[in-house]
Amino acid sequence: MDAIDVIRAKRDGDRLSAEQIRWVIAAYTDGRVPDEQMSALLMAVFFRGMDGDELAVWTQSMIDSGVRKDLSSLGRPTADKHSTGGVGDKITLPLAPLVAACGVAVPQLSGRGLGHTGGTLDKLEAIPGWRASLTDAEYIGQLRDVGAVICAAGNDLAPADKLLYALRDVTGTVESIPLIASSIMSKKIAEGADALVLDVKTGSGAFMRDTDDARTLARTMVGLGTAAGVRTVALVTAMDRPLGRAAGNAVEVAESVEVLAGGGPADVVELTLALAREMLAGVGRSDVDPAEVLASGRAMDAWRAMIAAQGGDPDAALPQPRERHVVTAPATGTLTRLDAYAVGVAAWRLGAGRARKEDPVSASAGVVWHAGVGEQVTAGQPLLELHTDDAARLPRALEALEGAVGVDTDDVLLPLVLERITA
Ligand code: URA
């Protein structure tokens, strides 16, 4: 097999054979195909795409570069969720313990934030003592004892994706639906859950801004999951405005705890329950009502156990920022716009996110808003609160927020869940 033949075939619009795909992914992962040839192939895929059969083999080859976990020894159904990433998207934090409290184990291998969207592990690391890395034995033990784990993926989970994603990042080949779908689904299928719910975001703060693209990505991923024997459903959800009332690390943990305590912003509660219902349905447990379990306090118990099992102190005070800056509402009326991307960039510039994988993040930085889109505001009332440890970061964060807020007399009707996509 020769990498040049594979590149030429895709460049010229031919279908790649299963043997070609299996060979090129394996040979790239073990270093026989160099970055420059893989870059050329990725660019050819970017322009030419892949059909369903090619994509299924491409994804399976990425899974086969590592191990597909076997969770059957748990003796309990397993379900997971993946979000394509958004601003203020802390849903995994209340969702994993909630579904665990409903009797379904949640094996959630998560990542860190990059750019304007936050990462689940960064958020949980705001909790004093909490650690993201677990051994395989700790991971299985916690799934058995607590029923929920949120931790860092080990090196055996689709290692081809780690290499390919890093290469895509520097070669302008990230925004390709087959490459995104195979990247996400190779990791999620390898994780070994029986059922998977995908939260595919659309809008300014999402990876897929355009709803048709989000729908196509959702359909592609549902197809891959189903073909691999994982019951997969996707919800396409709004990310034109940020979720909840906070974007950052500690502030999102605090908001998640409010939800687990029976309060919290309505949109966070709505999406957490919608995703929980899908996860339960995916493993045949629609008889359990997650709203009842949330109200009973059992999800909070599972949260505390999950945090403590990973060294965290669920009662510890969360880090507080050294500086707070308030932005007031510009007019009286309905808040018609709070742009998700602008809020995400502001939180990132305040220190909550990273520009490069190796950068540290601040636990206490972020943005909190006192009204959500569709609510009434009065001119001069505090609307946004910017948190940072470094006052020098404020001007650039404020710059990101210029034009991000709209106040008008319109009524805005904003569905959160736009579409449900099944196989
Ligand atoms: N998240 C992933 O894991 N992979 C992509 O390609 C894009 C987002």
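Model, not experiment: these values are computed from the prediction. (Residues numbered from 1 in each chain as written. Predicted model: local features only at pLDDT ≥ 70, side-chain atom pairs only at ≥ 80, totals over all residues. Heavy atoms only, no water.)

Here's the deal with the sheet that holds strand β4 (residues 195–202)
Consideration 1: If you walk across this open sheet you meet the 4 strands as β1-β4-β5-β13, and the pairing is mixed. The open sheet has two free edges, formed respectively by β1 (79–83) and β13 (417–421), since each of these has just one partner strand. Between one strand axis and the next, the sheet turns through 20° on average, direction left out of account.
Consideration 2: Across 8 bridges, β4 lies against strand β5 (residues 231–238) in parallel orientation. Paired with L198 across the two strands is A234, which belongs to β5.
Consideration 3: Each of β1, β4 and β5 is contacted by helix α9 (residues 177–190), which is oriented at about 160° to β1, the strand it contacts most. (Pairing = 2+ DSSP bridges. Helix = DSSP H or I, 4+ residues; strand = E, 2+ residues; numbered from the N terminus. Axes fitted to C-alpha atoms, helices over the stretch in contact; angles between N-to-C directions. Contact = heavy atoms within 4.5 Å.)

Section: the side chain of Q20
Consideration 1: You can see Q20 is positioned in helix α2 (residues 18–29).
Consideration 2: By relative accessible area, which is 15% here, Q20 ends up buried.
Consideration 3: Not counting the four nearest positions on each side in its chain, Q20 is found in contact with M1, D5, V6 and R15. (Buried < 20%, exposed > 50% of the residue type's maximum accessible area, 1.4 Å probe, protein only.)

Some remarks on the UniProt feature "domain: Pyrimidine nucleoside phosphorylase C-terminal" (unreviewed entry) in the protein chain
Consideration 1: Residues annotated in UniProt with the feature "domain: Pyrimidine nucleoside phosphorylase C-terminal" (unreviewed entry) correspond here to residues 334–408.
Consideration 2: With 27% helix and 29% strand, the stretch residues 334–408 has end C-alpha atoms that lie 5 Å from each other. (UniProt positions renumbered as here; feature names shortened; annotations may be inferred.)

Overview of the packing of helix α5 (residues 92–101) against helix α11 (residues 250–260)
Consideration 1: It is the contact of α5 with α11, at a shortest axis distance of 8 Å, that shows an interaxial angle of 35°. For the element pair α5 and α11, the recorded crossing hand is right-handed. In contact with L93, P94 and P97 of α5, α11 contributes E252, V253, S256, V259 and L260.
Consideration 2: Partitioned by chemical class, the residues of the contact of α5 with α11 number 6 nonpolar, 1 polar and 1 charged. (Left-handed = near helix turned anticlockwise from the far one by under 90°. Nonpolar A, V, L, I, M, F, W, Y, C, P; charged D, E, K, R; others polar.)

Examining the side chain of T202
Consideration 1: In this fold, T202 is placed in strand β4.
Consideration 2: By relative accessible area, T202 is classed as buried at 4%.
Consideration 3: Polar contacts involving the side chain of T202 include one to the main-chain carbonyl oxygen of R209, which spans 3.1 Å.
Consideration 4: For T202, the side chain forms a polar contact with the side chain of T211, separated by 3.1 Å.
Consideration 5: With sequence-adjacent residues up to four places away left out, T202 is seen in contact with M208, R209, D210, T211, A214, V236, T237, A238, M239, D240 and L418. (Polar contact = N/O pair within 3.5 Å; in protein donor to acceptor, adjacent residues only side chain to side chain.)

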